[in-house]
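Each chain is listed here by its residues.
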Amino acid sequence: MEDLRLSPLRLGSFKSSPPRGSPTFRRVHSGRTPRREVKANGGALQWFRSNRLLYWLLLITLWTYLGFYVQSRWAHVDDNKVEFLRFGGKLREDVLHVEQNKRVDSVADKTTHLVVDGTNVVHVDVNKRMHVSLAKKEDGTPRRSLSARRRRRRKAGRSSRSKTQKVRKVVEDLDEQDPELPKTNVTYGKLFGPFGSLEDKILEWSPQKRSGTCDRKSDFKRLVWSRRFVLLFHELSMTGAPISMMELASELMSCGATVYAVVLSRRGGLLQELIRRRIKVVEDKGELSFKTAMKADLVVAGSAVCATWIDQYMDHFPAGGSQIAWWVMENRREYFDRAKPVLDRVKLLIFLSEVQSKQWLTWCEEEHIKLRSQPVIVSLSVNDELAFVAGISSSLNTPTLTTEMMKAKRQALRESVRKEFGLTDKDMLVMSLSSINPTKGQLLLLESAALALERANEPEQVAKGTQSKIKNLNGIKKEKISLSVRHRLRGSARKMKIKSRVVDNPSVLSATGKRKLLFSANVTQKQDLKLLLGSVGSKSNKVAYVKEMLNFLSKNGNLSNSVVWTLATTRVASLYSAADVYVTNSQGIGETFGRVTIEAMAYGLPVLGTDAGGTKEIVEHNVTGLLHPVGRLGNKVLAQNLLFLLRNPSTRLQLGSEGRKKVEKMYMKQHMYKRFVDVLVKCMRP
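Each chain has its residues counted from 1, following the order in which its sequence is written. Only residues with pLDDT of 70 or above have their local features reported here, since the model is predicted, and side-chain atom pairs are shown and tallied only from 80 upward, although totals for entire chains, interfaces and linings are computed over all residues. Hydrogen atoms and water are omitted, and side-chain values are computed over all heavy atoms in the structure.

- Looking up the chain in an unreviewed UniProt entry gives the name Glycosyl transferase family 1 domain-containing protein, with the organism given as Brassica napus.

Encoded structure:
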């Protein structure tokens, strides 16, 4: 009985292992086998848990993949960004606040969405976003002690504050501008353009089709390949300096360089063009721009207005002056006074003309400023797009678009644009394209044109007066006509012939006031004088000056009927093609260089310019154009020159042909970048 009460386990503890074939052996070993399997599986799990390094690596990989996925959705799905951040059907208030600030900033950056009335912004379209290619911030690695959530909150707070400050700054910039006049025919009378779509239709080509214009065999390409550049824009108006900097950025990029643009003022209309050309615009002009410049091989500042940024940058990075090339494009004393505190701290100064270089060096001597190196002169050039349409050989020519073919297309473009203007073959179109302000002298040009029209009509008025006198005299009996009356008639007829000779004489007044024989050209049929003025809507225009011009036209109805206006644009090939004469009437010390002057010469236009500044270096008097003095003293000479070209179309063509030859010889793109190589060798990091 006692044996039956004992369990097999207790019995086994006193006895040896049962035989293999017995039921006891099978029962005992069948119970142990699952335990061994569980122990084996539990050992693998225990081994995995013991290797915490592998566990964390897998977790970090998963977290990184999730982060990249979220960032991709955030960056590329702007329209659905708010929906992507919804949690449980509600939108987080902090995310909504940051998102609204970003939308307001996008609208503020796109100044074309702002309609300014006085100093108040009356309309902002917050539903439209601008997709600007921005340089990403390259901040250092954040401190490890901060959690990911804390870092995101701090970053969102900084972003919100910086966006708000940027919106306020943009609005302040807009407030500083003059209120624009309505760009309508009611204001200007006859307003045309731009003709970009017409150019694309007739030429069957557009700048968007360009695939790079770099000369692969040039020293310029060899030096800039795989290098990093920062270009400093003082503004984005459609004027010479910003456009030249934009074209430099495009050329650097086509030659394999990386380019970042730092914009000090976004007023103007070039932002969309920067976007189209895929030029990276740095998000701000402060700390981020300084960090970007520190990593660049060369910083090129494109205006004397950049002095403040250069000063702040060198305070932040004292050695930064050794990598700055300062391309100064102004020649007035107030710009020198602004730039003089840092002129001796930059590596190299670049000027546009000999006259400008001599003037700035004289001012430096007066102020006892010693430059670090001798300045370099790099004149501007005609870009490939304009040369291509003008029929000048360029990198854009192909076997299907030769220079001869482009000349034929340009003639078709000329006829179409002149038809839009309402011009005929007997009209001589005189053009002046620039920002409208007193330094450009458009009002003086109007006064000269009015004087020219008045003189052009003098022979007709004299002839009509003489015919009326003859009719009256025919009513008198022949026997009562005295010899003195006949003598007076002969004298008046002689005076009329003399005046006619003066007007049609192919000699002109030179800039010094002396009459000089030009060409013995035959006078052809009578032509009418028409005047094309631009650029309406430019951010550099002075509204008070524009109103003064409009007031002058309202008092001169005959001239008003001969004046047409055009909007500010970068597509100017159609305007040059339609014109017959170009006028550069810059006042004071004249143009620094005159980019529009060489562009007009490339299209075979004779240039009437002031005898000052860079214009007198470009325009050879009586060879490529005619010069006149500055100020109102030059009005009479300019009117005489207009009349001369009006009466002598063959001379116009001869002057224009000589100007085109000079541009092909001195002012093409390859000439400018060949001179720019010297800048790269002197300034760029080895």
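Past the structure itself, the notes keep going.
### A few points about the sheet that holds strand β6 (residues 191–192)
- Pairing between strands is defined by DSSP: at least two bridges between the two strands are required. Helix and strand definitions follow DSSP, with helices as H or I runs of at least four residues and strands as E runs of at least two, each counted in order from the N terminus. In spatial order, the strands read β6-β18-β17-β14-β19-β20-β21; together these seven strands make up an open sheet with parallel pairing. Single-partner strands in this sheet number two, and they are β6 and β21 (625–628).
- Two residues qualify as a contact provided that any one of their heavy atoms is within 4.5 Å of a heavy atom in the partner residue. Fitted lines through C-alpha atoms give the axes, limited to the stretch in contact for helices. The angle between two N-to-C directions lies from 0 to 180 degrees. Packing against the sheet, helix α19 (residues 442–456) makes contact with β14 (427–433), β17 (528–536), β18 (563–567) and β19 (581–584), and its axis sits at approximately 170 degrees to β17.

### Brief notes about the packing of aromatic side chains
- Each aromatic pair joins two rings of Phe, Tyr and Trp (for Trp, the six-membered one) with centres within 6.5 Å, and gets the label stacked for planes under 30 degrees apart, edge-to-face for over 60, and tilted for any other angle. If you walk through the whole model with that rule in mind, you get 17 aromatic pairs.
- Taken together, the aromatic side chains of Phe220, Trp327, Tyr673 and Phe676 make up a single cluster linked through ring pairs.
- The cationic tip of Lys221 hangs over the ring face of Trp225; the distance from NZ or CZ to the ring centre is 4.6 Å. A ring has a charge above it when a Lys NZ or an Arg CZ is no more than 6 Å from the ring centre and no more than 35 degrees off the ring normal.

### Regarding the pairing of β17
- To sort residues, take the accessible area from a 1.4 Å probe on protein chains only and compare it with the maximum for the residue type: under 20% means buried, over 50% means exposed, and anything in between is partly exposed. With seven of nine residues buried, β17 is to be regarded as a mostly interior element.
- Pairing of β14 with β17 involves seven bridges; the strand directions are parallel. Considered in β17, the bridge of Val430 is made with Leu531.
- Sheet topology note: the β17/β18 ladder contains four bridges and is parallel. Paired with Leu532 across the bridge in β18 is Val564.

### Things to note about the state of the cysteines
- Two cysteine sulfurs form a disulfide in these notes if their separation is within 2.5 Å. Applying the stated rule across the entire model yields one disulfide.
- In this model Cys214 forms its disulfide with Cys255; the gap between the sulfur atoms is 2.0 Å. Looking along the S-S bond of the Cys214-Cys255 disulfide, the torsion reads about 105 degrees, which is the right-handed sense. In this pair, Cys214 is assigned in the loop between α9 (196–203) and α10 (219–224) and Cys255 in the loop between α11 (240–254) and β8 (258–263), connecting sequence segments 41 residues apart. Here Cys214 matches Cys255 in class, with each residue buried.

### A closer look at the pattern of salt bridges
- Counted as salt bridges are all cases of a side-chain nitrogen of Lys or Arg within 4 Å of a carboxyl oxygen of Asp or Glu. Applying the stated criterion across every chain yields a total of 29 salt bridges.
- A salt bridge links Asp200 to Arg571; the shortest N-O distance between them is 2.6 Å. Linking Asp200 in helix α9 with Arg571 in the loop between β18 and α24 (573–578), this pair joins segments that are 371 residues apart in sequence.
- By relative accessible area, which is 27% here, Asp200 ends up partly exposed.

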